[in-house]
Amino acid sequence: MVKKVVILILILSLSLFSKVIIINKSGFKLDINSDLFDKSNDFVVINVFSVEKELVQSKKVEFYSDRYGNYIYYNGDYYYTSNHQRYTYNPKYDRFIVDNKYGQYVYASHFYWARNEKQKYIKSSFYKKIEKTIKEEYYYISGYILEISYQNLFLESFTPFVFKVKSLSDINQQLMNLNKKLNKFYPDKIDIVVDFDEKIPDKLKAFVLGKLQEDNRYNIYDRKYLYYIFDELRLRDLIGKKIELKFRVPEYIISVKNISNYQDNITQDEILFFRNDMNGQYLSNGYKVEVGKYYSFDGKNYIPDRENGNYVKILNFIWKKDRYTTFSNFYDVVSIDKLKYTNIYFSILFNVIETKTARVIYSKYLEKSLHFPEIRILDRFKSYKTESKIDNLLNLYKSFSSDIKNLLKKAFPLSSMVKKVEKLKVELYDGENIGIKCGQVFRISDDHWTEGYLKITNVFGTNSSGDIFYLLDEKIEKFSLASEAFKYPLRVGISTMIGLSNFEDYYLLFNIRNLNIKGNDNFSVGFGIFSDYYTFEISKKFWIFDTILRLYSKEELFEFLPALRINTAKKYSLFSNEIFGFFLDISQKGFSSGIVFGF
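Residues numbered from 1 in each chain as written. Predicted model: local features only at pLDDT ≥ 70, side-chain atom pairs only at ≥ 80, totals over all residues. Heavy atoms only, no water.

When its secondary structure is counted, the protein shows five helices and 36 strands. The proportion of buried residues among the 599 residues of the protein is 44%. (Helix = DSSP H or I, 4+ residues; strand = E, 2+ residues; numbered from the N terminus. Buried < 20%, exposed > 50% of the residue type's maximum accessible area, 1.4 Å probe, protein only.)

Taken as a whole, this structure holds 34 salt bridges when the rule is applied. Lys164 serves as the salt-bridge partner of Asp391, at 3.2 Å between the closest nitrogen and oxygen. Of this pair, Asp391 sits in helix H5 (residues 389-411) while Lys164 sits in strand S10 (residues 155-165), and the two are 227 residues apart along the sequence. On the basis of relative accessible area, Asp391 is assigned to the partly exposed category, the value being 25%. The exposure class assigned to Lys164 is partly exposed, which follows from its relative accessible area of 37%. Between Arg359 and Glu354 there is a salt bridge; the shortest N-O distance is 3.4 Å. A network of salt bridges, in which partner residues are shared, links Glu537, Lys541, Asp546, Arg550, Arg565 and Asp585. (Salt bridge = Lys/Arg side-chain N within 4 Å of Asp/Glu carboxyl O.)

Before going further, it helps to spend a moment on the environment of Ile456. Examined against the element boundaries, Ile456 turns out to sit in strand S25 (residues 449-459). With 28 residues separating them in the primary sequence, Ile456 and Leu428 have C-alpha atoms 9.5 Å apart. Excluding anything up to four places from it in sequence, Ile456 contacts Leu428, Ile436, Lys437, Cys438, Gly439, Gln440, Phe442, Ser464, Ser465 and Gly466. (Contact = heavy atoms within 4.5 Å.)

In this section: H5. Relative to the 33 Å expected for 23 residues at 1.5 Å per residue, H5 spans 33 Å between its end C-alpha atoms, a close match to the ideal helical length. Restricting attention to buried positions, one finds in H5 the residues Ile390, Asn392, Leu394, Leu396, Tyr397, Phe400, Ser401, Ile404, Lys405, Leu407, Leu408 and Lys409. N-cap assignment for H5: the residue whose side-chain oxygen lies 3.5 Å from the backbone N of Ile390 is Ser388. (Expected span 1.5 Å × (residues − 1). Polar contact = N/O pair within 3.5 Å; in protein donor to acceptor, adjacent residues only side chain to side chain.)

Our next topic: the sheet that holds strand S23 (residues 425-428). On the basis of which strands lie adjacent, the closed barrel formed by six strands has the order S22-S23-S26-S25-S24-S27 and antiparallel pairing. Put simply, the sheet's adjacent strands are angled 45° from each other on average, direction ignored. Bridge count between S23 and strand S26 (residues 464-471): four bridges; the pairing is antiparallel. Bridge pairing in S26 links Lys425 to Asp467. (Pairing = 2+ DSSP bridges. Axes fitted to C-alpha atoms, helices over the stretch in contact; angles between N-to-C directions.)

Let us look at a nonpolar patch on the surface. Together, Tyr488, Leu490, Val492, Ile494, Ile512 and Phe599 make up a nonpolar patch on the protein surface, roughly 590 Å² of accessible area in all. When you line up the elements, Ile512 lands in strand S29 (residues 505-515). (Patch = residues over 30% accessible without salt bridge, like charges linked within 9 Å, V, L, I, M, F, W, Y side chains within 5 Å. Areas by Shrake-Rupley, 256 points an atom, 1.4 Å probe, with all protein chains shown as cover.)

This brings us to the packing of aromatic side chains. Evaluation of the coordinates by the stated rule reveals 40 aromatic pairs. Ring geometry for Phe580 versus Phe582: centroids 5.8 Å apart, planes at 75°, classification edge-to-face. Grouping aromatic residues by their ring pairs yields a cluster made of Phe63, Tyr71, Tyr73, Tyr78, Tyr80, Tyr127 and Phe381. Positioned above the aromatic ring of Phe400 is the side chain of Lys368, whose terminal nitrogen or guanidinium carbon lies 5.6 Å from the ring centre. The ring of Tyr533 has Lys589 sitting right over it, with the charged end atom 5.7 Å from the ring centre. (Phe/Tyr/Trp six-rings, centres within 6.5 Å; stacked < 30°, edge-to-face > 60°. Lys NZ or Arg CZ within 6 Å of the ring centre and 35° of its normal.)

The first and last C-alpha atoms of helix H3 (residues 202-215) sit 20 Å apart over 14 residues, in line with the 20 Å expected at 1.5 Å per residue. Residues of H3 that are buried include every one of Lys203, Leu204, Lys205, Ala206, Phe207, Val208, Leu209, Gly210, Leu212, Gln213 and Asp215, and no others. Directly beyond the C-terminal end of H3, a positive phi value near 65° is found at Asn216.

Ordered by their spatial adjacency, four strands build an open sheet running S6-S5-S7-S8, and the pairing between neighbours is antiparallel. A single partner strand is all that each edge strand has here, and the edge strands are strand S6 (95-98) and strand S8 (121-123). Direction aside, neighbouring strands of the sheet carry axes that sit 50° apart on average. The sheet contact formed by strand S5 (residues 86-90) and S6 spans four bridges and is antiparallel. Residue pairing in the sheet places Tyr87 in a bridge with Val98 of S6.

Time to look at the confidence of the model for the protein. Across the protein, the average pLDDT comes to 86, with 90% of residues at or above 70. Taken together, the stretch residues 1-17 has pLDDT below 50 and engages in six contacts with residues farther than four places along the chain or on a different chain. (pLDDT = per-residue confidence, 0-100.)

This part is about the nonpolar core. Judged by nonpolar contacts, the single largest core of 44 residues is most densely connected at Ile348, Phe350 and Leu408. Top element by residues in this core is H5. It accounts for eight residues. Aside from chain neighbours lying at most four places away, what touches Phe350 is Ile254, Ser255, Val256, Tyr362, Ser363, Lys364, Ile404, Leu407 and Leu408. (Core = buried A, V, L, I, M, F, W, Y, C linked by side-chain atoms within 4.5 Å.)

Bringing the pairing of strand S13 (residues 252-275) into the picture now. When a strand is regular, its side chains alternate between the sheet's two faces. Pairing of strand S11 (residues 190-196) with S13 involves five bridges; the strand directions are parallel. Paired with Ile192 across the two strands is Tyr252, which belongs to S13.

So, about empty space enclosed by the protein. In the structure shown here, the tally under the stated rule is three cavities of 30 Å³ or more. Taken as a whole, the largest cavity encloses approximately 90 Å³ of empty space. Along the walls of the largest cavity sit 16 residues, with Asp521, Ser524, Ser539, Asp546 and Asn567 positioned nearest its centre. Elements with a minimum of two residues in the lining of the largest cavity: strand S28 (492-501), S29, strand S30 (521-530), strand S31 (534-542) and strand S33 (557-567). Take the lining of the largest cavity: its biggest share by element is four residues, from S30. (1 Å grid on protein atoms, 1.4 Å probe; cavity = no way out; pocket = protein on both sides within 12 Å on 5 of 7 lines; lining within 4 Å. Points joined across faces, edges and corners; volume = space filled by probe spheres on them.)

Moving on, we come to unusual backbone geometry. A positive phi angle, close to 65°, is found at Asn216, a residue other than glycine. With respect to the secondary-structure elements, Asn216 resides in the loop between H3 and strand S12 (218-221). Of note in this structure, Phe479 is not a glycine but carries a positive phi near 70°. Its place among the elements puts Phe479 in the loop between S26 and strand S27 (481-484).

Right, let's talk about the side chain of Thr342 for a bit. One can find Thr342 in strand S18 (residues 331-354). Look at Thr342 and you get buried, because its relative accessible area is 11%. Looking at Thr342, its side chain comes within polar contact range of the side chain of Asn265, at 3.1 Å. Beyond its immediate chain neighbours, meaning those up to four positions away, Thr342 contacts Gln263, Asp264, Asn265, Leu370, His371 and Phe372.

For Tyr453, the location among the structural elements is in strand S25. When its relative accessible area of 4% is taken as the criterion, Tyr453 is described as buried. Taking C-alpha positions, Tyr453 is 6.6 Å from Leu471, a pair spaced 18 residues apart along the chain.

Once that is clear, we can look at the side chain of Ser388. Assignment of secondary structure puts Ser388 in the loop between strand S21 (384-386) and H5. At 3.0 Å, the side chain of Ser388 and the backbone nitrogen of Asp391 are in polar contact. In this structure, Ser388 is in contact with Glu54 and Tyr140, ignoring residues within four places of it in sequence.

Have a look at this one:
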C-alpha cells in the first residue's frame, strides 16, 4: 500500500511540471513552443545541439516583356537584337513587311547562323534584361526529439533531425512536420549499441541513427546520448536521483571512428560552354570557328554554301592550312580566372563487435571526398549562385549514413520460417518483431536447396505474408527457412539474335522477354533488322518453339505474316537469366539461322 501511495505521489508531482524539456546549447535564441509537443503520458525532449547560419548570394538575369526591349526569344533562349520593328509575312510577295500594330514577327539582327535572310524573321515578343543580386540567409538546425514514458521510462520514439530554414521562427513548423522514428521494441530484434568517437560530427551521428531507426530491424541507440538526456532530467528534478537507465546486454557494438578529416582550398581557371544558336563562336570540343559561314565539300575543295553547307572553318590554328569540320550546335564560352574550389576529405572506420567474444566480426573502411566551386555559373549571361558548403557536407554525411545502413543490413540479414502455404501465397512466422517490411524479398530454402523467392506484401506484429514470384522447386514446404535476399532472379530478360537470312543477308533481332514463375521464357516482344527491311514481332514460347506474329516494314509498305522459330537457348543457372543457344527461323520470307544470347 505504501509503495502504491509513493508511486501515485511521484506521478502527481511529475504532472505539475512541464513534461516538454527543451535543451538548447546552440548559442542561438530559439522560440520553441513547448505546448505544441506536450503529450499526457510522456516526457518530450527537444535537444538542439547545432544551429549554423550561412549566407547564399546569387545573381539572376531575368527577362520581362517590354515593347522597347532589346532581346527576343528563340529556341529556348534570349538573344540581343538592334531592330525594334514588328513584321507581318506577305505570302503573295514572299516577304516580311513592317507592321508595328499587328505584326507577329521580329527581326533577329544578330542571327549570323541563319541559313538565309528569311530565317532571321522569327515569332517573338520583345524583352528587357534585368540583373538582380540576391542575398539570402539560411539556418541549419540539428538535434533530436525523444519521447520517454514517465511511467516506466521506456523510450517510445527517437527522431534525429537536420533541416534548413530561412527564419528561426519556422522551427516549430519544421519540428511538427517531422516523421517520428517510432521505437517499437521487440525482444526478437538484435540489440545493438552505436558508439561514436568524439571526432564524429553531431550531424553525421543524427543521419546514421536516423537511417538505422528507419531500417527497424534493431533495438538500437546511442547510449552515451541517452545517459546525457537522463542526467538532464535529474538536474531538472523530473526523475529521481536513484533512477537508473537499464538496458539489456547488447549482442553487438557498432563502432564508428573518424580516421581522417581535412579541408583545403585551391584556385583553378574554369571554361564553360553554353549553347548559342544565333551567333555562338565555338563548338562543343572547344574549337573556335568562323561565325556565320557554312561550307560544302565537293571532293577536292571546301566552297561557301550558306543554304546547305555541313562544314565550318576552324580558327584555332591560323598558322596551319585551313581546317574544316562538321558541327551540331554552336556555343558561347564563359571563362573564369582563379575560381576558388573547396576540397573536403573524410574517412571513417566502421566495426561490428560481438560483445560475447569481443571479436570484430565485420569491418569496413569508408572514405569520401568533395570538390566544389565557390560559385556556379548558370548561363551565358553569367548568372551565378554561391555554392553552399553546409549543403555539400550534409550530402556527404547522408551518403555515409546510407552506406552504413546497407552494410549493416548485409551483416545482419533477416531470417524466419514458413508458417503456412496456400498455392503461391506464403506466410512467415515473423513480421514487425524482427523488422520485416513490405517489398522485401526472401529466399525460401530447405536443407540448403532453394525452393523459390518470396516478396512480402503484408506485415503484422509477429507474422508476415507475400507471394512467390520465382519458383525453382515443385512447391514450397512448410517450416522451410526464409532468408532475406539482396540479389534475386527477375521476371524479365533481354536477348539478342544474330545470324544470316537465306544464307546471304544479315539478321539482327532484339527481344524483351517475359519470364514465367520458373524463369523460363513465356512471351517476348522484339525489334528486328534485316538487310532491306525492319520487323516488329510478338512471340509465344512452347518448349523449344516460338510461334510468332511479325510485322514487316519496308519504306511505306507494311505486311503481317506468321513465323515459327526453333530456339534452343537455355539458362546457364537456375538463379540467373543468362541464356545461350541457336535458332532457326522459318517464314514466307525464307529462313534465318544463328546464335541467341541474353540475360
